[in-house]
Amino acid sequence: MPNAIPININIHSIIPISKVNGPGNRMVLFFQGCDKNCHGCFNPDTHSFQTINPYSPDELLKKYPLNGIEGITISGGEPFMQPYGLYELLKIARKTYGLSTVVYTGFTYKELEKKPECRLCLGFIDVLIDGRYVASKKETTLLARGSTNQRFYFLSSRYSKIDFCMPGKVEVIIGKDGVITKTGFSKLAGC
Ligand code: SF4
């Protein structure tokens, strides 16, 4: 990885604290840019590769207070389409701040393993949820994933599947600026 070169990550949006995007209180970072075009994608505004909010990985983790934050959840967009920035972000999150790392991707684990720059990222991820969103296989339990074809890969001993059984499916967050953000995985049935 090119450590000497400053790497910016193009970010769509950030939720400073969420309880429905993985275990505990988590900061959720939505990367900008995805070419997978899954039918029914929950976040189509993230597809464009236009630069929206460029941040260095270090800046991103200093933007909001991390008190009481257990980890970061990275979603998108497609995080692995910015693998160098993703790698730096994951490394700083784990090594500097001791945060856990959860990453959602439209690639499969096998596809990621074949690309050296993506394989390096896997070394700093606690849980990977892989695969494209398939609307006909929509998840209806409290598990934090979009569709049932998506698989959990527990790449460290930090979590297990029970930790992804959420207290609810959707959160509505009203920011200080009055902006309302809805996050999570719609439809509720029980874990
Ligand atoms: S991979 Fe994710 S962000 Fe990309 S189109 Fe599919 S659901 Fe949307």
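Look up a bit, the structure's there.
All of the points below concern the structure found in this document. The structure displayed is predicted, hence computed values, not measured ones.

### Let's talk about the sheet that holds strand E3 (residues 53–55)
Here is step 1: Read across the sheet, seven strands follow the order E3-E1-E2-E4-E5-E6-E7 without closing on themselves; strand pairing throughout is mixed. Of all strands in the sheet, those with a lone pairing partner are E3 and strand E7 (151–154), marking the two edges. Neighbour to neighbour, the strand axes of the sheet diverge by 30° on average, direction disregarded.
Here is step 2: In terms of strand pairing, strand E1 (residues 9–18) meets strand E2 (residues 26–31) through five bridges, oriented antiparallel. Directly across from Ile 14, in E2, lies its bridge partner Leu 29.

### A word on the site of the ligand
Here is step 1: Lining the immediate environment of the ligand, one finds 13 residues, of which Cys 34, Cys 38, Cys 41, Gly 106 and Tyr 133 sit closest.
Here is step 2: When grouped by side-chain class, the residues that make up the shell around the ligand number four nonpolar, six polar and three charged.

### With respect to the pairing of strand E5 (residues 100–104)
Here is step 1: Here E5 lies mainly inside the structure; five of its five residues are buried.
Here is step 2: Here E5 shows no split at all, with Ser 100, Val 102 and Tyr 104 on one side and Thr 101 and Val 103 on the other all buried.
Here is step 3: Bridging between strand E4 (residues 71–75) and E5 involves four bridges; their strand directions are parallel. Looking across to E5, one finds that Thr 73 is bridged to Val 102.
Here is step 4: One crossover worth recording links E4 to the parallel E5 by way of helix H2 (residues 83–95), and it is right-handed.
Here is step 5: With three bridges joining them, E5 and strand E6 (residues 127–130) adopt parallel strand pairing. Bridging from a neighbouring strand, Val 103 pairs with Leu 128 of E6.

### A closer look at H2
Here is step 1: Taking 1.5 Å of rise per residue, 13 residues should cover 18 Å, and H2 covers 18 Å from first to last C-alpha, within 8% of that figure.
Here is step 2: Tucked into the core, H2 has its buried residues touching E1, helix H1 (57–62), E4, E5 and helix H4 (116–122).

Reading the values: rules and limits
- Residues numbered from 1 in each chain as written.
- Predicted model: local features only at pLDDT ≥ 70, side-chain atom pairs only at ≥ 80, totals over all residues.
- Pairing = 2+ DSSP bridges.
- Helix = DSSP H or I, 4+ residues; strand = E, 2+ residues; numbered from the N terminus.
- Axes fitted to C-alpha atoms, helices over the stretch in contact; angles between N-to-C directions.
- Near = placed C-beta within 6 Å.
- Nonpolar A, V, L, I, M, F, W, Y, C, P; charged D, E, K, R; others polar.
- Buried ≥ 20, exposed ≤ 12 C-beta atoms within 10 Å, placed from the backbone.
- Right-handed = clockwise from strand over helix to strand, strands pointing away.
- Expected span 1.5 Å × (residues − 1).
- Contact = placed C-beta atoms within 7 Å.

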